[in-house]
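# Structural features, examined
Residues per chain are reported as follows:
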Amino acid sequence: MDEDDYNMDLSLPRLQSLLQNIGWSKEDVKKLFEALVKRFKLQKPQTIHFDTWMAKILHTIEIHKIDAKLKLVRDSDVIQLVSDSTIDDPTLLKELGKDREKDLEEILEDITLQYRVDENVIKTVRNIVSDVSTALYLNEKEWLEDGMEKTLFDLCKAVHAQTTKDDKQHSWKPRFTQMVSWCILALSQNSYLLQVGTGEGKSCIVAMFAAYRALNGQKVDIISSSPVLAERDAQAWKVFYTKLGLTVDCNTNKSSEEDLKKCYQHQVVYGTTESFAGDWLRHHFHRRDIRTDRKFECVIVDEVDSLMLDKGLEVVYLSSNMPAMQDLNIVLSRIWCEVSQHKKMGWGETAGPIQSFVQILQENTETDVQHILKLSESRGIFPNGFTKDITQLNSQNVIQKLECIAQTQIVDFFKLAEEILPNYYFSLFYENPDGQQKVNMAENGEVGGRHKISLLFVKGGLCRRLFSDKETCTSWVEQKIRSGLQFTCPEVTPEDSYIPGFQHFTQAKLQVWVRSAFKAKEMDLGKDYIIQGGSVVPVDYPCTGVVQNNMRWSDGLQQFLEMKHQTKLSNMTVITNLMSNVRLFKMYKGQVYGISGTLGNKEEIEMLRELYEGMETCVIPSFKRRKLFEETGKIVNDEEDWLKAICSAVQEKVSATSYRGERAVLVICETINRAETIAKAIKNSLSNLSIHPKCYTNSNLDPSEITGRQLQAREVIVATNLAGRGTDLKVSEEVNMAGGLFVVQTFLPLNTRVENQAFGRTARQGNPGSAQLIMCFSHFSVSTMIQMVENTSHFQMLARLMIDLCLSMLDLGVVQRRLSEALKELNKEQNTQQSCEEVTAALDVILSPLKNPNKTAVTDAKEARDRLVKERLSSYLREDIPKMSRKEELFSDYLELLDELHKRHKDRKKLDVIIESMHECWGLWLLMRFDENETKETLKISFQEAMGNAQECLEKGRSPSSAVPFYIRYGNELRLQGRFRESIEMYTRAVEENDNDFVALYNHALSAMQVKDRGYITVALRDLEKAAESLTRSISLVKEKWLNVVILQPNPFTGDNTGFIKQLQMQHQWLTWLKDNVDEAVRTLKEADNNGRGVKITEYPISFLLFSHIHHLIQQFQLAHLVESLLNHREELENLQSLGLTHIFCLETAFSLSGLFSKFFK
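Residues numbered from 1 in each chain as written. Predicted model: local features only at pLDDT ≥ 70, side-chain atom pairs only at ≥ 80, totals over all residues. Heavy atoms only, no water.

Under the annotation held in an unreviewed UniProt entry, the protein carries the name Protein translocase subunit SecA and is attributed to Coilia grayii.

And the structure:
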């Protein structure tokens, strides 16, 4: 053989991997190496190089994760098998890859070691499973004991029937691990959680236990982590339930009340937390008889850790339409106009919008700026007439004049300003290509106690205010917006029990909205959210990667993101009903059962036990030995090196070597953006290999291209956490032979459970597989970085430096050549003891520094992450849960109040108006008066006073808040009943609350004309003229929103096809149509008044306005766009109807005797 045959380039990394990644000792690695050398020498294979031959055997040991002490065939360990000269190489490789299912005793022994499972339970489980497995083998049930044994037998038979229907060639009965899991759940009296490994058949265990409870007369709810999984499992196990005489359905795909009602009559119902909680709210809050008499008897939660830990505080609520909330959109648009112009500077400060230095001086100081400007003219800083010019010229000319101001003039002007304003110091900067440059160099000591204002000049006299911290910046924007707010009605000073109107609401929430606007500016498309169907949709990127279609952000955040991307603007909602996941699970009163591949660490499990009293946990062993081989993780400093490391790892795995074939790769990324970046980098880097990665990042798209088939060699999937939980990826036999699926996790997961879920996509059901963390340090959160630094001792840093120093000083190339030469000599016939010693010595030198130290940078990062998780859990129990509980207890009180109202009122129409108004009052109280830091008792007293006052007002026919919808709604009901005088009284009260509400004015005019009291034309004319003024203002506000969100943006959108612009066009169109209708009515009334005539009223549904202009729309749009336009018009139509404008009228003059006399005697 050639000398190169012994260079160890292939096999040496495999030996090092046994030491670093599987936990072999250095001595065992040396023994294995010696056994392999002796085996090669004895067999002397002529067709293969020594290095390739050894690498192939070591690779087999590696991918099957065989440690030195593991007993294989013939009760031999791996070193003994390699040393056995009677076994040829093909047989050796076959024996190393063999695996078997664990027997019952091995499984129970593993469970017993956990110390939490009672010995008597273990004994009972052993007897039941042993008897039933024998009965199944014999296909005889009669000799089994009544009760659990016969039930388990029937369940196993039903599983076999189910799987036979699915695939006759691959039908199966439950394994020992599944039967043991079922027994532990069935024997438990209280809540119980099982950790069952990924790929171990969790859905089968869930179905078997659900059937057992249902056969015992209980209604069983099964909660999945997504609607897709719920619908899949309900359908997949339907034959199983039917075989047992049970009914099953799923509640996530039902739209009608009748379908939901039928669904809840089934014995087993699959769904999600959102669907179960939402249906309970529909039943109790909206009082729709959906659940009939179904109780919360038993729930089985799949992926229980995600729903109880990661999403425990998630709240389900049904949207409550509060039409008047749309009036707040103009305030939000002003906030966004201001915030969107702020800019984060490279040196850490935030710069405000570009303004003239004069404007900034006016806004930030209490002084007469014109006086300083005139004084600067007299001192020759600015030319005569400068002050007059910048105050009287149009904006464009002012900007041109400001741009021509010299830097020296600015510096001299602010020196003068400091003389006149001794309490202020102005720190002036200019921006240049290298960053910022200060132009007035005062020392900090010279500033003293003066109020410092920093300004960054961009061109001439145009500048930005600089803010050193977020709080100051937020406060400045808040004050600026607050100073510009105007309200049409005087503010009522609220008492504690007062239900606030929107003026007080706006003043109280303004700071929150400003913070939300800054947050929206910082959030990233493709990370925190996506644009789907023209809407902003959140993404749960830290945990599941799922697109959360039914979730919307609160406190204006949703609206600011919609403005950011010019999508259709939704209205803020008021939460009037709610149910958290914690409350949902607690409603099952100790009958919560769950299964997950990752229950979490000790702290997380203890938290669950504390939260759900009496809950127990158990880890079920895998039915085969798990062969996940975790390669040494990496942390690289910058993104470019990070991408290179990922591409290199992928290339290594998809390329065949002389000792293994090509593999498939799954790359899991933190966000959609990074998934796209990595997919592009892999495609470009591996273009010579023709690798074209497939992306799996959107849960709304069909995943069958990824999950519905076997992944082949050289396939690369780039995904988010969407592929990390509940995704069953199958690989071809060729890939399994080469080492199985390789998973690369490209970020530091939120917790160990998310990490384990990702790695759980490979090495499933006893198959080989490997995984690796490749992370970028610059992507870590600041809190993680701080934790890593604070908790790494100087000794640990020094130890790592010493190891790195030793490795740098050690010339491994020389040592490796010595090893190769010694091997060559050893394999000659005349080898000596000296050659053996040289081989051992050289290998010892190479392996000595490679054993991982106790802590690496990767372990530091994980430990820092785990400490942060522990802090979050502590806060979760100590603060978050109690706050949520207080809010939910008050909601329970509100539901009791609603029950009383329904019992008290028999007039259904009046009750509907009262209930809707009560919802608004309760929602506003929750927003304004609920203080998380108050005690339960204090909150309850405040709630009872507020709701009591609200009821009292409503019973007297008065609105309990300063909002007018109650009066308009009640007036409409009275008008439709022909009770016009009473309706006039309601509309009058609405106008008293807000004399600019065009709906109240319009409806008041209509009722007045229908009553036809003396002087009704004058009354109607006054109302409609004011309504016309109100509509004119509304049209101007639509234009202002367009300016704020579209025109005045730093990077304005081009074109007029954005969802936001189309929405504004629709609003403008409808308001114009209404204005035309009112103007025409005013002209008719004036004509009637002048001629002593009356008016004839023709009343139409408001939709008449749309149909009266349909010919214009047909001319304006092609047929394809006409449908879209009509849908948009329909939304505006429904919006106006929700405000109380249900009908419009047209007038024509008519003879009136009373009108004639009035004219004659005028």
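Let's shift gears to helix α6 (residues 104-112). Within α6, the full set of buried residues consists of Leu-104, Ile-107, Leu-108 and Ile-111. The arc that holds the buried residues of α6, viewed along the axis, is 95 degrees, so those residues lie on one side. Next to the buried residues of α6 lie α7 (119-138), α9 (176-187) and β19 (616-620). (Buried < 20%, exposed > 50% of the residue type's maximum accessible area, 1.4 Å probe, protein only. Helix = DSSP H or I, 4+ residues; strand = E, 2+ residues; numbered from the N terminus. Arc of directions from axis to C-beta. Contact = heavy atoms within 4.5 Å.)

This paragraph deals with helix α3 (residues 50-63). When the terminal C-alpha atoms of α3 are compared, their 20 Å separation across 14 residues agrees well with the 20 Å that a helix rising 1.5 Å per residue should span. Lys-65 sits one or two residues past α3 and shows a positive phi near 45 degrees. (Expected span 1.5 Å × (residues − 1).)

Another point: unusual backbone geometry. Despite not being glycine, Lys-589 has its phi angle at roughly 50 degrees, a positive value. Inspection of the secondary structure puts Lys-589 in the loop between α26 (581-586) and β18 (592-596). Here Ser-690, not a glycine, exhibits a phi torsion of approximately 60 degrees, which is positive. Turning to its location among the elements, Ser-690 is positioned in the loop between α29 (672-685) and β23 (694-696).

Right, let's talk about the packing of α3 against helix α5 (residues 89-97) for a bit. Packing of α3 against α5 brings their axes to within 9 Å, and their N-to-C directions diverge by 20 degrees. Relative to α5, the element α3 is oriented roughly parallel. Between α3, through Trp-53, Lys-56, Ile-57, Thr-60 and Ile-61, and α5, the contact on the second element is made entirely by Asp-89, Leu-92, Leu-93, Leu-96 and Gly-97. The class makeup of the residues in the contact of α3 with α5 is six nonpolar, two polar and two charged. (Axes fitted to C-alpha atoms, helices over the stretch in contact; angles between N-to-C directions. Parallel < 35°, antiparallel > 145°, perpendicular 65-115°, else oblique. Nonpolar A, V, L, I, M, F, W, Y, C, P; charged D, E, K, R; others polar.)

Before going further, it helps to examine the sheet that holds strand β3 (residues 248-250). The seven strands are arranged β3-β4-β2-β5-β18-β1-β19 in an open sheet whose pairing can be described as parallel. Each end of this open sheet is capped by a strand with a single partner; those strands are β3 and β19. Across the sheet, the axes of successive neighbouring strands diverge by a mean angle of 15 degrees, strand direction being ignored. Both strand β2 (residues 220-223) and strand β5 (residues 298-302) contribute to a ladder of four bridges, which runs parallel. Looking at the pairing, Ile-223 lines up with Val-301 of β5. Each of β3, β4 (268-271) and β5 is contacted by helix α11 (residues 227-236), which is oriented at about 160 degrees to β3, the strand it contacts most. (Pairing = 2+ DSSP bridges.)

What follows is about the sheet that holds strand β14 (residues 529-532). One open sheet accounts for three strands, arranged β14-β15-β16; its pairing is antiparallel. Whereas interior strands pair on both sides, the edge strands pair on one side only; in this sheet they are β14 and β16 (546-547). Relative to β16, strand β15 (residues 535-540) is paired through two bridges, and the arrangement is antiparallel. Paired with Asp-540 across the two strands is Val-546, which belongs to β16.

Take the pairing of β2 next. With burial as the criterion, each face of β2 is covered, one bearing Val-220 and Ile-222 and the other bearing Asp-221 and Ile-223. In this sheet, β4 lies alongside β2 in parallel orientation, the contact comprising four bridges. Bridge pairing in β4 places Val-220 opposite Val-268.

This next bit is on the nonpolar core. Generally speaking, a soluble globular protein has its nonpolar side chains buried in company with each other. Ranked by internal contacts, the top residues of the largest apolar core, which has 152 residues, are Ile-335 and Trp-513. Counting 59 residues, the second largest nonpolar core, distinct from the first, contains Ile-128, Val-180, Ala-211 and Val-268. (Core = buried A, V, L, I, M, F, W, Y, C linked by side-chain atoms within 4.5 Å.)

Our next topic: the environment of Trp-237. Among the structural elements, Trp-237 can be located in the loop between α11 and α12 (238-243). You can call Trp-237 buried: its relative accessible area is 7%.

What characterises a pair of aromatic rings is the spacing of the ring centres plus the angle enclosed by the ring planes. Tallied over the entire structure, the rule returns 38 aromatic pairs. On the basis of an interplanar angle of 65 degrees and a centroid distance of 4.9 Å, the ring pair of Phe-209 and Tyr-593 is categorised as edge-to-face. Of this pair, Phe-209 sits in helix α10 (residues 202-215) while Tyr-593 sits in strand β18, and the two are 384 residues apart along the sequence. Considered together, Phe-209 and Tyr-593 belong to a single accessibility category, that of buried residues. A centroid spacing of 5.0 Å and a plane angle of 90 degrees characterise the contact between Phe-296 and Tyr-588, whose relative ring orientation is edge-to-face. Linking Phe-296 in the loop between α14 (273-284) and β5 with Tyr-588 in the loop between α26 and β18, this pair joins segments that are 292 residues apart in sequence. Here the two residues Phe-296 and Tyr-588 agree in accessibility, since each one is buried. Among the aromatic residues, those joined into a ring-pair cluster are Phe-357, Phe-382, Phe-386, Phe-413, Phe-414, Tyr-424, Phe-426, Tyr-430 and Phe-457. For Arg-291, the ring lying beneath its charged end belongs to Phe-296, and the centroid distance is 4.3 Å. We note Lys-653 situated over the ring of Phe-742; from NZ or CZ to the ring centre the distance is 4.3 Å. (Phe/Tyr/Trp six-rings, centres within 6.5 Å; stacked < 30°, edge-to-face > 60°. Lys NZ or Arg CZ within 6 Å of the ring centre and 35° of its normal.)

Inspection of the secondary structure assignment puts Asp-302 in strand β5. Asp-302 sits in the buried class, given a relative accessible area of 11%. Separated by 96 residues in the primary sequence, Asp-302 and Val-206 have C-alpha atoms spaced 7.7 Å apart. Contact partners of Asp-302, with chain neighbours within four places excluded, come to Lys-202, Ile-223, Ser-224, Ser-225, Asp-233, Leu-307 and Ile-595.

Below, the discussion takes up a nonpolar patch on the surface. Judged by side-chain polarity, Trp-1042, Leu-1043, Ile-1047 and Leu-1048 come together as a nonpolar surface patch covering roughly 340 Å² of accessible area. Inspection of the secondary structure puts Ile-1047 in helix α43 (residues 1016-1047). (Patch = residues over 30% accessible without salt bridge, like charges linked within 9 Å, V, L, I, M, F, W, Y side chains within 5 Å. Areas by Shrake-Rupley, 256 points an atom, 1.4 Å probe, with all protein chains shown as cover. Salt bridge = Lys/Arg side-chain N within 4 Å of Asp/Glu carboxyl O.)

What follows deals with the pattern of salt bridges. Applying the stated criterion across every chain, the model contains 66 salt bridges. Between Arg-753 and Glu-604 there is a salt bridge, with its nearest N and O atoms 3.1 Å apart. Of this pair, Arg-753 sits in helix α32 (residues 752-759) while Glu-604 sits in helix α27 (residues 602-611), and the two are 149 residues apart along the sequence. Given the relative accessible area of 2%, Arg-753 is considered buried. Linking Glu-705 and Arg-709 is a salt bridge whose minimum nitrogen-to-oxygen distance equals 3.7 Å. Salt bridges sharing common partners tie together Glu-630, Glu-755, Lys-862, Arg-865 and Asp-866.

By the element assignment, Leu-525 lies in the loop between α24 (502-522) and β14. Residues Leu-525 and His-565, 40 residues apart in the sequence, show an inter-C-alpha distance of 9.4 Å. Not counting residues within four places of it along the chain, the set of residues in contact with Leu-525 comprises Ile-530, Ile-531, His-565 and Asn-673.

This paragraph deals with the state of the cysteines. Taken as a whole, this structure holds zero disulfides when the rule is applied. Here Cys-156 stays free of any disulfide, with the sulfur of Cys-204 as its closest cysteine sulfur at 7.8 Å. (Disulfide = S-S within 2.5 Å.)

It is worth spelling out the packing of helix α41 (residues 980-993) against helix α42 (residues 998-1011) at this point. For any two helices packed against each other, the geometry comes down to the angle between their axes and how far apart the axes lie. The geometry of α41 relative to α42 is characterised by a closest axis approach of 9 Å and an angle of 155 degrees between their N-to-C directions. With respect to each other, α41 and α42 are oriented roughly antiparallel. Considering how the two elements wind past one another, α41 and α42 form a crossing that is left-handed. Seen from α41, the contacting residues are Phe-980, Arg-981, Ser-983, Ile-984, Tyr-987, Thr-988, Ala-990 and Val-991; seen from α42, they are Ala-1000, Leu-1001, Asn-1003, His-1004, Ser-1007, Ala-1008, Gln-1010 and Val-1011. When grouped by side-chain class, the residues that make up the contact of α41 with α42 number nine nonpolar, six polar and one charged. (Left-handed = near helix turned anticlockwise from the far one by under 90°.)

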